[in-house]
Amino acid sequence: MHKKDFPLIFELSKSGRTSYSLPEMDVEETDLDEMLDPLYIRQEAPALPELSELDIIRHYTNLSRRNYGVDSGFYPLGSCTMKYNPKMNEDVARLEGFSHIHPYQKAETAQGALEMMYDLQTSLQEITGMHTVSLQPAAGAQGEWTGLIMIRALHEANGEKQRTKVIVPDSAHGTNPASVTAAGLEVVTVKTNEEGLVDLYNLKSVVGSDTAALMLTNPNTLGLFETEIIEMARIVHQAGGRLYYDGANLNAIMGYTRPGDMGFDVVHLNLHKTFTGPHGGGGPGSGPVGVSEELTSFLPKPVLVKQADNFVFDYNRPDSIGRVKPYYGNFGINLRAYTYIRTMGAEGLKKVSEYAVLNANYMMRRLQEVFELPYKQHCKHEFVLSGRKQKRLGVRTLDMAKRLLDFGYHPPTIYFPLNVEEAMMIEPTETEAKETLDGFIETMLQIAEEVKDDPEYVQEAPHTTVVKRMDETTAARKPILKYE
Ligand SMILES: *Cc1c(COP(=O)(O)O)cnc(C)c1O
């Protein structure tokens, strides 16, 4: 990109230009030098940009238009649940009673906020079928780590220190094996069978007296429901292990089934996915954990409890794994999730699951005419296509993803899960209208035609964006964040 296309705010700066006006001084002028040690007085003015108010507004408005988000277009990024975040959430999060409180405030002066947190815990317990929920973890991955540390603590308390292995399917989200390692445990991989489900024979052969847990999501990362989950839970429990549920994407099953009923002992949820916390770009998340009764005493402390009519933090938890986050979780995101749950209601959440599954299946069945569908059964909230056919014509999934940018779409998740060649993982979410789904489908079909007619054009995409293909590896590994 040429500098002129998008000048930095420092390049727009003109010495002496301001966007403020101070009232006339009505007190006597004082010399700072006389009041302070010269050590603390800067010798030169800070190098801040000097602009008019209008220039600033234009600069940031134009910058924001270069961004892409759920509010600007369709965002079918599989496993990320880029659904609409209702603006009602924002109104509630800005209410003074919530936004002007402080975590060091005495609990008796913040009972409304604590009641909200308690109600949210209770709602999440109901939705997941778990005994107790803690709102502390600030992200899905942190919830995973917290849950695994609790399972480890349970085994240690039972005198079973040798239980160090966590069984994870080969299709799992990357954070799963990472959390296992971060929790000081070891990953054992279990294979996926031809239907895209956990291979039960393989599972039986890897469980044993060293099994700490089976870590799973259901529907799994291919968007398929693990129909043998009750049998899997039996196998793992019989061997003395526990079941961990990755509930980052709950919008396929809410109101229909619950991890607790499937036999899971610990679950984390991503409130910033399923429960409409705005996310992406590293914004704040919330990854509450829910546990079965057996694990309740290990929960991070303090635990928010209700005593008579008061909401208080219980610090007297001798088995607790301790705090996992300062204060009590990302309050603002929890509040948005609470608002969402209360506005949807139980029936509304059920409808969410229905539409998420319907939208995904509608898209999958139309796209399978042109793209290879490795697993044929109905999907849940997302599905995975393979770009193998197109690759044979010389066009990779990456090229097609880049071509989608020309049409103004955010591409799906690609090259994940790892067990599907040239994977495209598509999650339309429940909040999209049929016309939006059709628009994306037509575009995908058109790109498939282009792959046949003019593969080079797709290989060279994108053609209309401000920047072309970037060196993503170097950008991630050696980012230059400073303007030279
Ligand atoms: C997003 C996601 C995670 C990780 O959640 P973060 O909040 O990004 O840490 C874990 N598992 C699955 C299946 C996910 O989709």
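Keep in mind that what you see is a predicted model, and the values were worked out from it rather than measured.

**Things to note about a negative patch on the surface**
Next up, step 1: Negative charge collects at one region of the surface, where Glu-29, Asp-31, Asp-33 and Glu-34 lie side by side.
Next up, step 2: Assignment of secondary structure puts Glu-34 in helix H2 (residues 32–35).
Next up, step 3: On the basis of relative accessibility, which here comes to 68%, the residue Glu-34 falls in the exposed class.

**Quick look at the site of the ligand**
Next up, step 1: Neighbouring residues of the ligand: 13 residues in total, closest Ser-79, Gly-140, Asp-246, His-272 and Lys-273.
Next up, step 2: Here His-272 contributes a side-chain N or O atom positioned 2.7 Å from an oxygen atom of the ligand.
Next up, step 3: Taking 380 Å² as the accessible area of the ligand by itself, protein coverage stands at 85%.
Next up, step 4: If you tally residues by element for the shell around the ligand, the top one is helix H7 (residues 140–157), at 3 residues.
Next up, step 5: For the shell around the ligand, the class distribution of residues is 3 nonpolar, 7 polar and 3 charged.

**Section: a nonpolar patch on the surface**
Next up, step 1: A cluster of nonpolar side chains, namely Leu-8, Phe-10 and Tyr-483, defines an oily patch on the protein surface of about 300 Å² accessible area.
Next up, step 2: You can see Phe-10 is positioned in helix H1 (residues 9–12).

**A word on the packing of helix H6 (residues 111–128) against helix H12 (residues 331–367)**
Next up, step 1: Between H6 and H12, the least distance of the axes is 10 Å, while the angle of their chain directions is 50°. With respect to each other, H6 and H12 are oriented oblique. Regarding H6 and H12, the two cross each other, and that crossing is left-handed. Counted together, Ala-113, Met-116, Met-117, Asp-119, Leu-120, Ser-123, Leu-124 and Ile-127 of H6 and Phe-331, Asn-334, Leu-335, Ala-337, Tyr-338, Ile-341, Arg-342 and Leu-349 of H12 form the full contact between these two elements.

**A look at the UniProt feature "modified residue: N6-(pyridoxal phosphate)lysine" (unreviewed entry) in the protein chain**
Next up, step 1: Here the UniProt-annotated "modified residue: N6-(pyridoxal phosphate)lysine" (unreviewed entry) positions come out as Lys-273.
Next up, step 2: Note that Lys-273 resides in the loop between strand S6 (266–269) and strand S7 (289–291).
Next up, step 3: Overall, the relative accessible area of 10% leaves Lys-273 in the buried class.
Next up, step 4: Not counting residues up to four positions away in its chain, the partners in contact with Lys-273 are Ser-79, Cys-80, Thr-81, Lys-83, Ala-248, Asn-249 and His-279.

**Some points on the packing of aromatic side chains**
Next up, step 1: Summed over all chains, the structure comprises 10 aromatic pairs.
Next up, step 2: With a centroid separation of 3.9 Å and an interplanar angle of 10°, the aromatic rings of Phe-313 and Tyr-328 are classed as stacked. A residue pair is termed long-range when its members are at least 10 positions apart, and Phe-313 in strand S9 (residues 310–314) and Tyr-328 in the loop between S9 and H12 qualify at 15 residues.
Next up, step 3: Centroid distance Tyr-409 to Phe-440: 5.2 Å. Interplanar angle 85°. Geometry classified as edge-to-face. One end of the pair, Tyr-409, is in the loop between helix H14 (397–406) and strand S11 (413–414); the other, Phe-440, is in helix H15 (residues 434–453), with 31 residues separating them in the sequence.
Next up, step 4: Taken together, the ring pairs connect Phe-74, Tyr-409 and Phe-440 into an aromatic cluster.
Next up, step 5: In this arrangement the basic side chain of Lys-350 is found over the ring face of Tyr-256, its NZ or CZ atom lying 5.1 Å from the centre.

**Some words on the pattern of salt bridges**
Next up, step 1: Taken as a whole and assessed by the stated rule, the structure comprises 27 salt bridges.
Next up, step 2: Measuring nitrogen to oxygen at the nearest pair gives 2.8 Å for the salt bridge that ties Lys-83 to Glu-430. Here the residue Lys-83 occupies a position in the loop between helix H3 (53–65) and helix H4 (87–93), and Glu-430 occupies one in the loop between strand S12 (423–426) and H15, the gap between them amounting to 347 residues. Both residues of the pair, Lys-83 and Glu-430, count as buried.

**As for the domain arrangement of the protein chain**
Next up, step 1: Annotation of the protein chain at the domain level lists domain 1 (9–65), domain 2 (87–344) and domain 3 (352–477).
Next up, step 2: The C-alpha centroid of domain 3 is placed 47 Å from the C-alpha centroid of domain 1.

**Some thoughts on the sheet that holds strand S10 (residues 383–386)**
Next up, step 1: One open sheet accounts for 3 strands, arranged S10-S12-S11; its pairing is antiparallel. Only two strands of the sheet have a single neighbouring strand rather than two, namely S10 and S11.
Next up, step 2: Here S11 pairs with S12 via 2 bridges, running antiparallel. Bridge pairing links Thr-413 to Met-425 in S12.
Next up, step 3: Relative to the sheet, H12 contacts S10 and S12, its axis offset from that of S10 by approximately 15°.

**Some remarks on the UniProt feature "domain: Glycine dehydrogenase C-terminal" (unreviewed entry) in the protein chain**
Next up, step 1: Per the UniProt entry, the sites bearing "domain: Glycine dehydrogenase C-terminal" (unreviewed entry) are residues 353–453 in this numbering.
Next up, step 2: In residues 353–453, helix accounts for 50% and strand for 10%; the two terminal C-alpha atoms are 39 Å from one another.

**Regarding unusual backbone geometry**
Next up, step 1: The amide bond that connects Asn-218 to the next residue, Pro-219, takes the cis arrangement and shows omega of 5°.
Next up, step 2: Omega for the peptide link from Ala-461 to Pro-462 comes to 5°, which places this bond in the cis form.
Next up, step 3: For Pro-462, the position within the fold is in the loop between helix H16 (455–459) and helix H17 (472–477).
Next up, step 4: Backbone geometry places Thr-81, a non-glycine residue, at a positive phi of 50°.
Next up, step 5: Looking at the element boundaries, Thr-81 is found in the loop between H3 and H4.
Next up, step 6: Given a relative accessible area of 0%, Thr-81 falls into the buried group.

Thresholds, definitions, all that
Residues numbered from 1 in each chain as written. Predicted model: local features only at pLDDT ≥ 70, side-chain atom pairs only at ≥ 80, totals over all residues. Heavy atoms only, no water. Patch = residues over 30% accessible without salt bridge, like charges linked within 9 Å, V, L, I, M, F, W, Y side chains within 5 Å. Areas by Shrake-Rupley, 256 points an atom, 1.4 Å probe, with all protein chains shown as cover. Salt bridge = Lys/Arg side-chain N within 4 Å of Asp/Glu carboxyl O. Lys, Arg positive; Asp, Glu negative; His and termini not counted. Charge placed at Lys NZ, Arg CZ, Asp CG, Glu CD. Helix = DSSP H or I, 4+ residues; strand = E, 2+ residues; numbered from the N terminus. Buried < 20%, exposed > 50% of the residue type's maximum accessible area, 1.4 Å probe, protein only. Near = heavy atom within 4 Å. Polar contact = N/O pair within 3.5 Å; in protein donor to acceptor, adjacent residues only side chain to side chain. Nonpolar A, V, L, I, M, F, W, Y, C, P; charged D, E, K, R; others polar. Axes fitted to C-alpha atoms, helices over the stretch in contact; angles between N-to-C directions. Parallel < 35°, antiparallel > 145°, perpendicular 65-115°, else oblique. Left-handed = near helix turned anticlockwise from the far one by under 90°. Contact = heavy atoms within 4.5 Å. UniProt positions renumbered as here; feature names shortened; annotations may be inferred. Phe/Tyr/Trp six-rings, centres within 6.5 Å; stacked < 30°, edge-to-face > 60°. Lys NZ or Arg CZ within 6 Å of the ring centre and 35° of its normal. Domains from an automatic or database assignment. Pairing = 2+ DSSP bridges.

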